[in-house]
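Structural overview
Listed here are the chains, written in short residue letters.
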Amino acid sequence: MVKLLGSLCILAGGAMVRWVQASERRRRRDTLSGLLAALRRMAEEIRMARTPLPDLLERLSRDCGAETAAFFHAAASAARQDGELSGAWATAAEALPLADGDRAALRDLGKDLRGDEEKVCKAISLVIYSLAKSAEEQDRNRAQEERRATALCFSAAALLVILLI
């Protein structure tokens, strides 16, 4: 009876690990899609309405998901306080749950948010392209990665049960 209870606990642990991985993957996907939408809106606002950057960042922080909103809020407050946006942008980008390449592309955008409208819009468009390509690749590989992660978690839990019995 104790072995059966222990086996069930180990299998439940494997299921919990799988659930945590799936929620982290979903969190990354949601953050990436939120950033894409916000950056597209940012480029349009800069191009069409010529909204000042601190105001635009603050408005974007109100209209996004939690993690994206925190990113834009940190950038907006830094732009309002001391005008040094690139350092705060890079720091806020490091806190986002993104892949390393996506985080690096977003971090580098902070350096290009100075200058004329055309330069800023080109930099934003380049990051949008990079993030969209990454999101497309994640969507394409999603089913295969989920099957692999599920098989790995439950196989490891089953192997541990077999070894302990």
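Placed above this text is the structure.
Residues numbered from 1 in each chain as written. Predicted model: local features only at pLDDT ≥ 70, side-chain atom pairs only at ≥ 80, totals over all residues. Heavy atoms only, no water.

Attention shifts here to the pattern of salt bridges. Scanning the model with the defined rule gives 13 salt bridges in all. Ionic pairing is found between Asp63 and Arg41, a salt bridge with its closest N-O pair at 2.5 Å. Separated by 22 residues along the polypeptide, Asp63 in the loop between helix H2 (53-62) and helix H3 (66-81) and Arg41 in helix H1 (residues 2-49) bring together distant segments of the chain. Linking Lys111 and Asp108 is a salt bridge whose minimum nitrogen-to-oxygen distance equals 3.8 Å. On the basis of relative accessibility, which here comes to 56%, the residue Lys111 falls in the exposed class. Linked through salt bridges whose partners overlap, the residues forming this network are Glu24, Arg27 and Glu67. (Salt bridge = Lys/Arg side-chain N within 4 Å of Asp/Glu carboxyl O. Helix = DSSP H or I, 4+ residues; strand = E, 2+ residues; numbered from the N terminus. Buried < 20%, exposed > 50% of the residue type's maximum accessible area, 1.4 Å probe, protein only.)

Here we come to the layout of surface pockets. Roughly 250 Å³ of volume is contained in the largest pocket. Lining the largest pocket are 13 residues, with Arg25, Arg28, Ala99, Gln138 and Glu145 positioned closest to its centre. Contributing elements (two or more residues each) for the lining of the largest pocket: H1 and helix H6 (117-164). In terms of residue count, the dominant contributor to the lining of the largest pocket is H6 (seven residues). Looking at the lining of the largest pocket residue by residue, the class counts come to one nonpolar, four polar and eight charged. (1 Å grid on protein atoms, 1.4 Å probe; cavity = no way out; pocket = protein on both sides within 12 Å on 5 of 7 lines; lining within 4 Å. Points joined across faces, edges and corners; volume = space filled by probe spheres on them. Nonpolar A, V, L, I, M, F, W, Y, C, P; charged D, E, K, R; others polar.)

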